[in-house]
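Chain residues, written in single-letter form:
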Amino acid sequence: MSEDIIRFDKVEKRFGDLTVLNKLDFSVKRGEKVSIIGPSGSGKSTVLRILMTLEGIDGGSVTVDGEPLWHENSGDGSLKPASEKHLRKMRGKLGMVFQHFNLFPHMSVLRNITEAPVKVLGLSKAEARQRGEELLELVGLADQAQKFPSQLSGGQKQRVGIARALAMRPSILLFDEPTSALDPELVGEVLNVIGKLADEHDLTMLLVTHEMRFAREISDRVCFFDRGKIREEGTPEELFTDPSEDRTREFLSAVLDQ
Ligand SMILES: Nc1ncnc2c1ncn2[C@@H]1O[C@H](COP(=O)(O)OP(=O)(O)OP(=O)(O)O)[C@@H](O)[C@H]1O
């Protein structure tokens, strides 16, 4: 684990008068599993949305896999705003698992997973199907391939969401509060799948979560966000047992008491 696969340098993001990211410096190394925790509105999901190019930036730079995300070389060594082609290429490096699953309701589970690999990666239907079946096996849903999302529980839908993101063979997997829309009894099955991925694959994982115990278990590093900046970061052990900032301590005692 050496080079940075994700790098934010002094990134600014505003919505009108609201500064959401305030000259944010943040990086993730290849293969690293990083959790972002912090109060509501601190800019956690915005970081993921910027990486997925769902939001632009107002200042600074973002680099993914050594290349600027929002800019590209113009040929004379200077940078120009990224073209749609550049953004598409960069998006291919990342997969995202959304809080509300975002599955296609009119497609079977298997087709939800095979559609983009066929249309975007150019896989044959047979290849996509074989890979889709392997991924359903990985998330424990091999027997649900022909069902439709409406026939699944929330936990099953989210496991399809994970399989769908993996089907695009990303180097980086982003999770945006993947369990917060689930009934409590369904959280465990999704966390088990994410934990298995973290243990068995060399994927880079960036996870925004309110599940403190889980963040502690699977992360190499935990970042505490507060008002658009990283207030404190460290190993789970350092951050959860001996935080150095009062603000981190207050946040942790509030959420761990719930
Ligand atoms: N498209 C938007 N337009 C205006 N304001 C936005 C938009 N998206 C996010 N915000 C605001 O930016 C701030 C940061 O949002 P973000 O979703 O990144 O926070 P968060 O830390 O992920 O919070 P939560 O834990 O509640 O999801 C919030 O105050 C939010 O209301």
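What counts as what
Residues numbered from 1 in each chain as written. Predicted model: local features only at pLDDT ≥ 70, side-chain atom pairs only at ≥ 80, totals over all residues. Heavy atoms only, no water. Near = heavy atom within 4 Å. Polar contact = N/O pair within 3.5 Å; in protein donor to acceptor, adjacent residues only side chain to side chain. Areas by Shrake-Rupley, 256 points an atom, 1.4 Å probe, with all protein chains shown as cover. Helix = DSSP H or I, 4+ residues; strand = E, 2+ residues; numbered from the N terminus. Nonpolar A, V, L, I, M, F, W, Y, C, P; charged D, E, K, R; others polar. Pairing = 2+ DSSP bridges. Contact = heavy atoms within 4.5 Å. Axes fitted to C-alpha atoms, helices over the stretch in contact; angles between N-to-C directions. Salt bridge = Lys/Arg side-chain N within 4 Å of Asp/Glu carboxyl O. Buried < 20%, exposed > 50% of the residue type's maximum accessible area, 1.4 Å probe, protein only.

### Describing the site of the ligand
- Residues in close proximity to the ligand total 14 residues, the closest being Ser 40, Gly 41, Lys 44, Ser 45 and Thr 46.
- A distance of 3.0 Å is found between an oxygen atom of the ligand and a backbone nitrogen or oxygen belonging to Ser 42.
- Glu 177 places a polar side-chain atom, nitrogen or oxygen, 3.2 Å from an oxygen atom of the ligand.
- When isolated, the ligand has an accessible area of 640 Å², and the protein chains bury 60% of it.
- Counting residues per element, the ones that place at least two in the shell around the ligand are β2 (18-29) and α1 (44-51).
- In terms of residue count, the dominant contributor to the shell around the ligand is α1 (three residues).
- Per-class residue counts for the shell around the ligand are four nonpolar, seven polar and three charged.

### Description of the sheet that holds strand β4 (residues 59-64)
- Across the sheet, which stays open at both edges, the four strands sit in the order β2-β1-β4-β5 with antiparallel pairing between neighbours. One side of each edge strand has no neighbouring strand; the edge strands of this open sheet are β2 and β5 (67-68).
- With five bridges joining them, strand β1 (residues 4-15) and β4 adopt antiparallel strand pairing. The partner of Arg 7 across the bridge, within β4, is Thr 63.
- Relative to the sheet, α1 contacts β1, β2 and β4, its axis offset from that of β1 by approximately 115 degrees.

### As for the pattern of salt bridges
- Under the defined criterion, the tally for this structure stands at 24 salt bridges.
- Linking Arg 30 and Glu 3 is a salt bridge whose minimum nitrogen-to-oxygen distance equals 3.1 Å. Placement of Arg 30 in the loop between β2 and β3 (33-37) and of Glu 3 in the segment before β1 is noted, with a sequence separation of 27 residues between them.
- Of the residues examined, Arg 30 reaches a relative accessible area of 32% and is grouped as partly exposed.

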